[in-house]
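Listed here are the chains, written in short residue letters.
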Amino acid sequence: MTQTQSIKSILQIVAQQLGTEEAKLEAQLLLQYVLNVNRAWLISHENDALQPNIHALFEALLKRRLSGEPIAYVIGSREFYGLDLMVTVDTLIPRPDTETLVEAALGEISLHDEYSVLDLGTGSGAIALAIAKNRPQANVIAVDASFAALEIARQNSANLQIPNVQFLLSDWFAALSHEKFDVIVSNPPYIEQNDAHLTQGDLRFEPISALASGADGLDDIRKIIDDSLVYLKPQGWLMLEHGYNQAELVADLMAQTGLVGVQTLKDLGGNNRVTIGRNPLIVNTHWA
Ligand code: GLN
């Protein structure tokens, strides 16, 4: 007869095996996943015995995590800005750093008016959905060059019942016609293609097209900035996430293109993470 173990003792054993605080949280996430319960349930039922079949499933998934697969891919989801998002190997795993970009965008989008917002390279839809959820009057267009990623983003929009996002297959601005936006946001790939981090940790499992961008990591950022003025409304904002050491270069590129009010914002870890600039044009209401 198989001996059943309590949730608490399983968590203790795994935590000991792995050592880190993060590992403990990940073990909890895995248990929540196999039991299909939330964190509160797990904590209040820590003395319950885990059924052997559930325990076996937990062990199998733990093995995948131990062999390096990101926890978000093992359980197929990641929380971002209060949204539970489905993620797969076709999408980047949303990072807390990116919440800085969402906050910056929300700061420029009225709660009461119909602002138009564009999210370039939406991946799982994280940024577009966080904005749309918090600004129900906004019309958000989310594009990605990956059909597989867009399918995930669409499913997230349906699961979360966030209706004010439209998804479009597009390589940056390529499939857009003449629309102009109040706010354009993007977390594009920005890692240097030879950066050693690409061969370490979670990044090894994530889509390279969502991570790396040429020798200095700025190939895609350059493309986006170059075309941005065509797609920004007068006074509209471009907001880009970038690497901790790229702020100055991104700010220079924005200024060279003619964007004004250029400034850099820090992420929760205190790193320069988002640079914003706006279209200097003023709407002329006095045409003679
Ligand atoms: N912030 C991610 C990382 O360094 C990279 C995301 C990106 O390239 N857009 O892990």
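This text follows the structure it describes.
Now for a quick tour of the structure.

1. A short note on the sheet that holds strand 5 (residues 116–120)
Strands in a sheet are paired, the pairing made by backbone hydrogen bonds, and the direction either parallel or antiparallel.
Point 1. Reading across from one edge, 7-6-5-8-9-11-10 is the order of the 7 strands in this open sheet, with mixed pairing throughout. Of all the strands in the sheet, just strand 7 (165–169) and strand 10 (260–266) have a single pairing partner and so form its edges. Strand after strand, the sheet turns through a mean of 15 degrees between neighbouring axes, direction not considered.
Point 2. For strand 5 and strand 6 (residues 139–144), the ladder comprises 5 bridges, and the chain directions are parallel.

2. A short note on the pattern of salt bridges
Point 1. Tallied over the entire structure, the rule returns 11 salt bridges.
Point 2. When the shortest N-O distance is used, the salt bridge between glutamate 151 and arginine 154 registers 3.0 Å. Taken together, the residues glutamate 151 and arginine 154, both in helix 8 (residues 147–159) and 3 residues apart, mark about one turn of the helix.
Point 3. Accessibility expressed as a relative area gives 32% for glutamate 151, which makes it partly exposed.
Point 4. Aspartate 267 is the partner of arginine 273 in a salt bridge, and the nearest nitrogen-oxygen pair spans 2.9 Å. As far as the burial class goes, arginine 273 and aspartate 267 line up, both buried.

3. Points about the packing of helix 1 (residues 7–18) against helix 4 (residues 52–66)
Point 1. It is at 13 Å that the axes of helix 1 and helix 4 come closest, and there the two elements cross at 15 degrees. Judged by the angle between their axes, helix 1 and helix 4 are roughly parallel. Between helix 1 and helix 4 lies a crossing of right-handed hand. Residues Ile10, Val14, Gln17 and Leu18 of helix 1 pack against His55, Phe58, Leu62 and Leu66 of helix 4.
Point 2. Each residue belonging to the contact of helix 1 with helix 4 can be placed in one class, and the counts come to 6 nonpolar, 2 polar and no charged.

4. What about the nonpolar core?
Point 1. Within the largest apolar cluster, 31 residues are counted, with the highest numbers of intra-cluster contacts made by Ile131, Val140, Val165, Val185 and Met239.
Point 2. Considering each element in turn, this core owes the most residues, 7 residues, to helix 7 (residues 126–134).
Point 3. Setting aside its immediate chain neighbours within four residues, isoleucine 131 contacts Val102, Ala105, Leu106, Ile109, Val117, Val140 and Val185.
Point 4. Ranked by size, the runner-up nonpolar core spans 28 residues in total, among them Trp172, Phe181, Ile221 and Ile225.

5. Examining the site of the ligand
Point 1. Lining the immediate environment of the ligand, one finds Arg95, Asn187, Pro188, Pro189, Tyr190, Ile191, Leu203, Ala210, Leu211 and Glu241.
Point 2. Arginine 95 has a polar side-chain atom sitting 3.0 Å from an oxygen atom of the ligand.
Point 3. Within the side chain of asparagine 187, a nitrogen or oxygen atom sits 2.7 Å from a nitrogen atom of the ligand.
Point 4. Its residues placed into classes, the shell around the ligand shows 7 nonpolar, 1 polar and 2 charged.

6. Focus: the side chain of glutamine 246
Point 1. Considering the arrangement of structural elements, one finds glutamine 246 in the loop between strand 9 (232–241) and helix 10 (247–257).
Point 2. Once residues within four sequence positions are removed from consideration, glutamine 246 is found in contact with Tyr190, Asp216, Gly217 and Leu218.

The rules behind each value
Residues numbered from 1 in each chain as written. Predicted model: local features only at pLDDT ≥ 70, side-chain atom pairs only at ≥ 80, totals over all residues. Heavy atoms only, no water. Pairing = 2+ DSSP bridges. Helix = DSSP H or I, 4+ residues; strand = E, 2+ residues; numbered from the N terminus. Axes fitted to C-alpha atoms, helices over the stretch in contact; angles between N-to-C directions. Salt bridge = Lys/Arg side-chain N within 4 Å of Asp/Glu carboxyl O. Buried < 20%, exposed > 50% of the residue type's maximum accessible area, 1.4 Å probe, protein only. Parallel < 35°, antiparallel > 145°, perpendicular 65-115°, else oblique. Left-handed = near helix turned anticlockwise from the far one by under 90°. Contact = heavy atoms within 4.5 Å. Nonpolar A, V, L, I, M, F, W, Y, C, P; charged D, E, K, R; others polar. Core = buried A, V, L, I, M, F, W, Y, C linked by side-chain atoms within 4.5 Å. Near = heavy atom within 4 Å. Polar contact = N/O pair within 3.5 Å; in protein donor to acceptor, adjacent residues only side chain to side chain.

These results come straight from atomic positions and should not be treated as a statement about function.
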